[in-house]
Amino acid sequence: QVQLVESGGGLVQPGGSLRLSCAASGSIFSLYVMGWYRQAPGKQRELVATIPNAGSPNYADSVKGRFTISRDNAKNTVYLQMNSLEPEDTAVYYCSARRIFINTYYWGQGTQVTVSS
């Protein structure tokens, strides 16, 4: 079982940038497809981006060209670089880990991102 701890959220003005980090522990990092989801008030949780151990990342249409997901397997960490942030990006961002072949999901506790002037 993997444990996930996010960091890097906060308050930023529209057009600004933030980088989220998610540190994983307790299992073999390369066995997981890592991802970021978000949930805004009154809305369902939605996919932001995912990245397999080998292969191309996948992004929601709403963040393509603005957000970049990456992973450092040596540090067991996944990142989400968020640029050109918009008020609509305001949400709690959750790190996820999906165990390959088994498809079990694990979640972090979430980190708040607020985009406001």
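Quick note: structure is the one above.
Residues numbered from 1 in each chain as written. Predicted model: local features only at pLDDT ≥ 70, side-chain atom pairs only at ≥ 80, totals over all residues. Heavy atoms only, no water.

1. Some remarks on the pairing of strand E5 (residues 46-51)
Across five bridges, the pairing between strand E4 (residues 32-39) and E5 is antiparallel. Residue pairing across strands places Tyr37 opposite Leu47, the latter belonging to E5. Turn length for the E4-E5 hairpin, with the two strands adjacent in sequence and antiparallel, is six residues, and the turn residue Gly42 shows positive phi of about 75°. Strand direction decides the pairing type here: E5 and strand E6 (residues 58-59), joined by two bridges, are antiparallel. Paired with Ala49 across the strands is Tyr59, a residue of E6. Count of turn residues in the E5/E6 antiparallel hairpin: six residues, of which Gly55 carries a positive phi of about 130°. (Pairing = 2+ DSSP bridges. Helix = DSSP H or I, 4+ residues; strand = E, 2+ residues; numbered from the N terminus.)

2. Quick notes on the packing of aromatic side chains
A complete count under the given rule lists three aromatic pairs for this structure. Seen in terms of ring centroids, Tyr37 and Trp107 are 5.1 Å apart; in terms of plane orientation they differ by 75°. Their pairing is edge-to-face. Taken together, the residues Tyr37 in strand E4 and Trp107 in strand E10 (residues 105-107) connect sequence positions 70 residues apart. Look at Tyr37 and you get buried, because its relative accessible area is 16%. Under the relative-accessibility criterion, Trp107 is labelled partly exposed at 36%. Ring centres of Tyr105 and Trp107 lie 6.0 Å apart, and the angle between their planes is 15°; on these two criteria the pair is classed as stacked. (Phe/Tyr/Trp six-rings, centres within 6.5 Å; stacked < 30°, edge-to-face > 60°. Buried < 20%, exposed > 50% of the residue type's maximum accessible area, 1.4 Å probe, protein only.)

3. A closer look at the sheet that holds strand E8 (residues 77-82)
Overall, antiparallel pairing links the four strands, which are arranged E1-E3-E8-E7 in an open sheet. The outermost strands of the open sheet, each flanked by one partner alone, are strand E1 (3-7) and strand E7 (67-72). Pairwise comparison of adjacent strand axes, ignoring direction, gives a mean angle of 15° for this sheet. (Axes fitted to C-alpha atoms, helices over the stretch in contact; angles between N-to-C directions.)

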